[in-house]
Amino acid sequence: MDVLTPLKTLSLSIQKRHSTVAGLQAFILSACDAIRKYKTSDGPYLREVSGKDSFCDQKLSGNLASFEAVRGKVVDGIQDTLAHRFEDANPEAVKATVIADFNQWPQKESQDEEIQGYGDAYIQQMVSHWRYNLEANDISIHEVEPEWTALKTHIYQDHGNELNLLNWQTVIGKYGSTYPNISALIDLVLSLSPSSTDCERGFSQMKLIKTDIRNKLSNQSLTDLMTIKLEAPDVGEFDPTDSIHLWNKSGKKCRYGVGKGMSEAAQLHVDLGEPSAALLEGTMQEEDSQSVHHMSESDFSDEGDYMEESTTGTILETADI
């Protein structure tokens, strides 16, 4: 039970959406250190049952000598498995990918020398390691380092107080056209998945979307739905304003409550994609009042009157049952 605690922490770290190879390697090393001590010392769970004949109404059996031998083998086996996680990768290149994790960057309050020199050696290592891949994609390897220095300056100036909230999608979207070479290298680093959790997450969502009754979904529709499921922000963080504006401005038919009986000011807001809630509410109230105005007193009688309407909403006749 004691070894499960660091393994649980490691598993949750692996499943994070934006984890990096270098970040995962750091978590593996910390997990190995936490597990190693249980080879010779008892953990909190083991101390609860040590010297007892039963635990949770279950009788305990076995002897201490056999337990110590098995415990050593278990700990050694776990450590050996974790240590070989990235055995085929270049250790220096793996370590260099730490620059993709903003949580590992020096804080803005750090010394200027530390900030100015941060990542330079990592960039050189990655350029040397992936030189062939970069050149094959028309990346100027001689411009990567100068662009890294300039991009780093922009990041600290514009986002230095919120590095832990920053992501590369925002950075590349803002500075990618200005610094294309370093952006391409960062994209390469981010494409190195430290685990298969994203693949497993994708297959899981695909099974939920393309069910037996939706087996006619085209590849494009399935791709769009999976992109929304996997890449869209959480519901609590999603701002629907842009989507509402797009919906109001698109479509050939008039949206419900938009257009009919609307004032010119309200219609102007909708045309601009900026509908006012108060204006829309006023329009709906106006439509409701018009509907009530066209009703006759007999429509509210207690004699069970009913109305027949055409598809255009015009009252054809009122009859008594």
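Above: the structure in question.
Residues numbered from 1 in each chain as written. Predicted model: local features only at pLDDT ≥ 70, side-chain atom pairs only at ≥ 80, totals over all residues. Heavy atoms only, no water.

Q: Before we move on, could you go through the pattern of salt bridges and cite the residues and values that matter?
A: Applying the stated criterion to the full structure yields six salt bridges. With a closest N to O distance of 2.9 Å, Lys39 and Asp76 form a salt bridge. With Lys39 in the loop between helix 2 (21–36) and helix 3 (44–49) and Asp76 in helix 4 (residues 64–83), this residue pair connects regions lying 37 residues apart in the sequence. (Salt bridge = Lys/Arg side-chain N within 4 Å of Asp/Glu carboxyl O. Helix = DSSP H or I, 4+ residues; strand = E, 2+ residues; numbered from the N terminus.)

Q: Which residues make up helix 2, and what values go with them?
A: Its 16 residues give helix 2 an end-to-end C-alpha distance of 22 Å, which sits within 8% of 22 Å, the value for a rise of 1.5 Å per residue. Taken together, the buried positions of helix 2 are Val21, Ala22, Gly23, Leu24, Ile28, Ala31, Cys32 and Ile35. (Expected span 1.5 Å × (residues − 1). Buried < 20%, exposed > 50% of the residue type's maximum accessible area, 1.4 Å probe, protein only.)

Q: Could you give an account of the packing of aromatic side chains, with specific residues and numbers?
A: Each aromatic ring pair is specified by the distance between its two centres and by the angle formed by the two planes. Applying the stated criterion to the full structure yields seven aromatic pairs. Ring centres 5.7 Å apart and planes at 55 degrees place the aromatic pair Trp105 and Tyr118 in the tilted group. Separated by 13 residues along the polypeptide, Trp105 in the loop between helix 5 (91–96) and helix 6 (112–117) and Tyr118 in the loop between helix 6 and helix 7 (120–129) bring together distant segments of the chain. Relative to Trp148, the ring of Trp105 lies with its centre 5.5 Å away and its plane at 70 degrees, an arrangement referred to as edge-to-face. Of the two residues, Trp105 is situated in the loop between helix 5 and helix 6 and Trp148 in helix 9 (residues 144–159); the sequence distance between them amounts to 43 residues. (Phe/Tyr/Trp six-rings, centres within 6.5 Å; stacked < 30°, edge-to-face > 60°.)

Q: Describe a nonpolar patch on the surface, naming the residues involved and giving the relevant values.
A: A cluster of nonpolar side chains, namely Met1, Leu4 and Tyr45, defines an oily patch on the protein surface of about 340 Å² accessible area. Within the secondary structure, Tyr45 sits in helix 3. A residue is classified by how much of its surface remains accessible, and Tyr45, at 40% relative accessible area, is partly exposed. (Patch = residues over 30% accessible without salt bridge, like charges linked within 9 Å, V, L, I, M, F, W, Y side chains within 5 Å. Areas by Shrake-Rupley, 256 points an atom, 1.4 Å probe, with all protein chains shown as cover.)

Q: I'd love a proper account of the environment of Met206, names of residues and values included.
A: Relative to the elements of secondary structure, Met206 occurs in helix 12 (residues 197–209). Look at Met206 and you get partly exposed, because its relative accessible area is 29%. In the structure, Met206 is positioned 16 residues away from Leu222 in sequence and 7.8 Å away in space, judged by C-alpha atoms.

Q: Explain unusual backbone geometry to me, and be specific about the residues and the numbers.
A: Positive phi, normally seen in glycine, also occurs at Asp138, with a value near 60 degrees. Its place among the elements puts Asp138 in the loop between helix 8 (131–136) and helix 9. You can call Asp138 exposed: its relative accessible area is 71%.

Q: Describe the nonpolar core, naming the residues involved and giving the relevant values.
A: Ranked by internal contacts, the top residues of the largest apolar core, which has 33 residues, are Trp105, Ile123, Ile155, Trp168 and Ile182. Mapped onto this core, the elements with two or more residues apiece are helix 5, helix 7, helix 9, helix 10 (168–175) and helix 11 (180–190). It is helix 9 that contributes the most residues to this core, five residues altogether. Excluding its chain neighbours within four sequence positions, the residues that come into contact with Ile155 are Phe102, Trp105, Gly160, Leu163, Leu166, Trp168 and Val171. Grouped together as the second largest cluster of nonpolar side chains are 15 residues, Ile14, Cys32, Val75 and Phe86 included. (Core = buried A, V, L, I, M, F, W, Y, C linked by side-chain atoms within 4.5 Å. Contact = heavy atoms within 4.5 Å.)

Q: Describe the side chain of Ser13, naming the residues involved and giving the relevant values.
A: Inspection of the secondary structure assignment puts Ser13 in helix 1 (residues 4–14). Only 2.9 Å separates the side chain of Ser13 from the backbone oxygen of Thr9, close enough to count as a polar contact. Apart from the residues within four sequence positions on either side, Ser13 is in contact with Ser19 and Phe27. (Polar contact = N/O pair within 3.5 Å; in protein donor to acceptor, adjacent residues only side chain to side chain.)

Limitation: the analysis is restricted to geometry and does not speak to function.
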